[in-house]
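# Fold and contact review
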Amino acid sequence: MPVKRFLRFYLPFLLLGVIILVGLCLAFPGCADMPILDPPPGEEAPPGSAAVAFGPYLTSADGRQPMFRFIANRRVVAGLQNLDRSDRRVNRQGAFSLFHTLAIPEIDSAQPQRYQLWLDDQSGGVYRLQGLPPYGQAVTLAFAGGQADPERLQATGVNLRLVAPQATVFVSPPFAGELPERSEDWSSRFLGPLGNVIDFGPLWFVPGSGLPAQLYPEHNDEGGYWKRDVGVIRLIAIDARAFSFPSSTQAVLARLERDLDPQRRQRAWTVVVLSRPAFDARVGDGRILEALGDRLETGGVDLVIAGGGQGYLRTRPFSVSGVGGTRYIALADQPASSLPEPREYVAALSNQPHVAGLWADEGNLEWRVIGPGGVPLDSLTLDYDRRPLEASLSKWDILVDAQASLTLQKELLRLTRQAARAVPNPSANLLLPLYFVNPST
């Protein structure tokens, strides 16, 4: 039969030709430019143009591999394609959903690369993404308070673009009052006013921020504590509410002591973020300082940055040994209408809305605070190889002035006796172990 003869002699050649054609398509970039992103069996993509409703934004649980997240205006299958790779294939596909998380395993830290977002078979835009710098390299971070007011969030977004950060840390919960019940409402109230959030690098939030698990799952089981190593900075964030209970206090302090490097075996800066300020414009928080004791100063912490302040505040440095020192900084959620007269430990004070930028390399750290319209409010430059500084005032004296608790006063007495044993002939201003150093900075 002619049909049987045709199938017997020609069908194998036809199949071989199809296999060769598919192989050629996979080998050349042009054939893979348009991905095939079909919905799961039994589901159909709804009509109408697909688009990004909120975001996109980046998160990163370990400070290395970022996650590309967004909310679509309808349920879609999403893919992300690196346009600067030779194969230009879609490297990840999301589920048929509104909420999407796409991993970017091959993101380059040396230079930005272009990524094409696909929503079903439609373009969702092209984005320039860059990985965080590895250990030892210079880094730029931004810090902002939790500002749920749309106008202030919009102004915050403008100033964050002036900082041009590689990652952004929100140092207090975005919403001081009642949290939005729906993830879409959370996104519209927070991500919407900030604008193109992808410009701010991965978003990191201090623990205890009440983030919807659907939007920020990596922040939802960290026990009030997380650590990131990025560039030349070790960043440690703590939910200050942990210091309200003995068991959680001990758990946090154990992790903190493990992560601090008092001998500075690695040439890096250490920054601690708190959800509530240890020092505010009016008084120090005895409960936080009582729990922390002198761990931050002896652990080599350079800056302590907190949210929830009553205006912007930066203290003069505290030191145990008279070398270096730890500076406490408070960023405001809602700046106070007026501020008290600055106390003796205050180096800078402002009630203007603000965001802050931190630029660091192996030798220097620069801290700058930006107010409305990009006006500078405060700046500080630190030298890693700083000289020993002469001690002056005691941090614990401030807490006694603030009517510290009886437990804390007993701790002060213990520290005083310990310091007296360590110093053969202590002078009058060296009876307590923690001091202000270099009062002019």
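An account of the accompanying structure is given in this report. Remember, it's a predicted structure, so these values are computed and weren't measured experimentally. (Residues numbered from 1 in each chain as written. Predicted model: local features only at pLDDT ≥ 70, side-chain atom pairs only at ≥ 80, totals over all residues. Heavy atoms only, no water.)

### Overview of the overall build of the chain
A count of helices and strands for the chain gives 8 helices and 23 strands. Considering the chain as a whole, with its 441 residues, one finds that 48% of them fall into the buried category. Pairs at least 24 residues apart make up 68% of the contacts formed inside the chain by residues separated by at least 6 positions. When the accessible surface of the chain is summed, it comes to about 20,600 Å², and 54% of that surface belongs to carbon and sulfur atoms. (Helix = DSSP H or I, 4+ residues; strand = E, 2+ residues; numbered from the N terminus. Buried < 20%, exposed > 50% of the residue type's maximum accessible area, 1.4 Å probe, protein only. Contact = heavy atoms within 4.5 Å. Areas by Shrake-Rupley, 256 points an atom, 1.4 Å probe, with all protein chains shown as cover.)

### Notes on helix α4 (residues 246-259)
Along its 14 residues, α4 runs 20 Å from first to last C-alpha, staying within 8% of the 20 Å computed at 1.5 Å per residue. Taken together, the buried positions of α4 are occupied by Thr249, Val252, Leu253, Leu256 and Asp259. With its buried residues spanning 125 degrees around the axis, α4 presents them on a single face. α4 presents Pro246, Ser247, Gln250 and Arg258 as exposed residues on the side facing more than 90 degrees away from its buried surface. Packing partners of the buried residues in α4 comprise β11 (225-230), β12 (233-238), α5 (286-292) and α6 (295-298). (Expected span 1.5 Å × (residues − 1). Arc of directions from axis to C-beta.)

### Section: the sheet that holds strand β5 (residues 97-103)
Taking strand neighbours across the sheet as the criterion, the 3 strands line up as β1-β2-β5 in an open arrangement whose pairing is antiparallel. Looking at the sheet topology across the chains shown, the edges are occupied by β1 (52-59) and β5. For this sheet the average axis-to-axis angle between neighbouring strands, irrespective of direction, equals 20 degrees. Where β1 meets strand β2 (residues 67-76), 5 bridges bridge the pair, whose relative direction is antiparallel. (Pairing = 2+ DSSP bridges. Axes fitted to C-alpha atoms, helices over the stretch in contact; angles between N-to-C directions.)

### Some words on helix α2 (residues 150-163)
Over its 14 residues, α2 extends 20 Å from the first C-alpha to the last, a length consistent with the 20 Å expected when each residue adds 1.5 Å. Of all the residues in α2, the buried ones are Arg152, Leu153, Thr156, Gly157, Asn159, Leu160 and Val163. In this structure, the buried residues of α2 make contact with β8 (139-144), β9 (167-170), α3 (183-194), β17 (327-332), β19 (355-360) and β20 (364-370).

### Some points on the packing of α2 against α3
Contact geometry of α2 with α3 gives a least axis separation of 7 Å together with a crossing angle of 40 degrees. In terms of axis orientation, α2 runs oblique to α3. You can see that α2 and α3 cross each other, and the crossing is right-handed. Contacts between α2 and α3 involve Pro150, Leu153, Gln154, Thr156, Gly157 and Arg161 from the former and Arg189, Phe190, Pro193 and Leu194 from the latter. Looking at side-chain class alone, the contact of α2 with α3 contains 5 nonpolar, 3 polar and 2 charged residues. (Parallel < 35°, antiparallel > 145°, perpendicular 65-115°, else oblique. Left-handed = near helix turned anticlockwise from the far one by under 90°. Nonpolar A, V, L, I, M, F, W, Y, C, P; charged D, E, K, R; others polar.)

### Focus on the environment of Thr326
Summarising the element assignment, Thr326 is placed in the loop between β16 (318-319) and β17. With a relative accessible area of 1%, Thr326 lands in the buried category. Setting aside anything within four residues of it in sequence, one finds Thr326 in contact with Leu296, Glu297, Val301, Asp302, Val304, Arg316, Pro317 and Phe318.

### Quick notes on the packing of aromatic side chains
Taken as a whole and assessed by the stated rule, the structure comprises 13 aromatic pairs. The interplanar angle of 70 degrees and the centroid separation of 5.2 Å between the aromatic rings of Phe170 and Phe190 together place this pair among those described as edge-to-face. Taken together, the residues span a long stretch of sequence, with Phe170 in strand β9 and Phe190 in helix α3 at a distance of 20 residues. Here Phe170 matches Phe190 in class, with each residue buried. Aromatic pair Phe170 and Phe205: ring centres 5.0 Å apart, planes at 15 degrees, arrangement stacked. Placement of the pair is Phe170 in strand β9 and Phe205 in strand β10 (residues 203-205), with a sequence separation of 35 residues. Neither Phe170 nor Phe205 differs from the other in exposure class; each is buried. Taken together, the ring pairs in this structure connect Phe170, Trp186, Phe190 and Phe205 into an aromatic cluster. Over the ring of Trp204 we find Arg228, and its NZ or CZ is 5.7 Å from the ring centre. The ring of Trp359 has Arg368 sitting right over it, with the charged end atom 4.1 Å from the ring centre. (Phe/Tyr/Trp six-rings, centres within 6.5 Å; stacked < 30°, edge-to-face > 60°. Lys NZ or Arg CZ within 6 Å of the ring centre and 35° of its normal.)

### A word on the nonpolar core
Ranked by internal contacts, the top residues of the largest apolar core, which has 33 residues, are Phe143, Ile233, Leu235, Leu303, Ile305, Leu358 and Trp367. With residues up to four places along the chain from it excluded, the contact list for Leu235 reads Leu141, Phe143, Val169, Trp204, Trp226, Lys227, Arg228, Val271 and Val273. Ranked by size, the runner-up nonpolar core spans 28 residues in total, among them Ile238, Val252, Ala306 and Val346. (Core = buried A, V, L, I, M, F, W, Y, C linked by side-chain atoms within 4.5 Å.)

### Looking at the sheet that holds strand β15 (residues 312-315)
Strand order in this open sheet of 7 strands is β11-β12-β13-β14-β17-β15-β18, and the pairing throughout is mixed. A strand with exactly one partner marks an edge of an open sheet, and here the two such strands are β11 and β18 (346-350). The sheet shows a mean angle of 15 degrees between the axes of neighbouring strands, direction not considered. Here strand β13 (residues 269-274) pairs with strand β14 (residues 303-309) via 4 bridges, running parallel. The residue of β14 that forms the bridge with Leu274 is Ala306.

### What to know about the environment of Pro105
Its place among the elements puts Pro105 in the loop between β5 and β6 (113-119). Linking Pro105 and Gly131, residues 26 residues apart in sequence, is a C-alpha distance of 9.8 Å.

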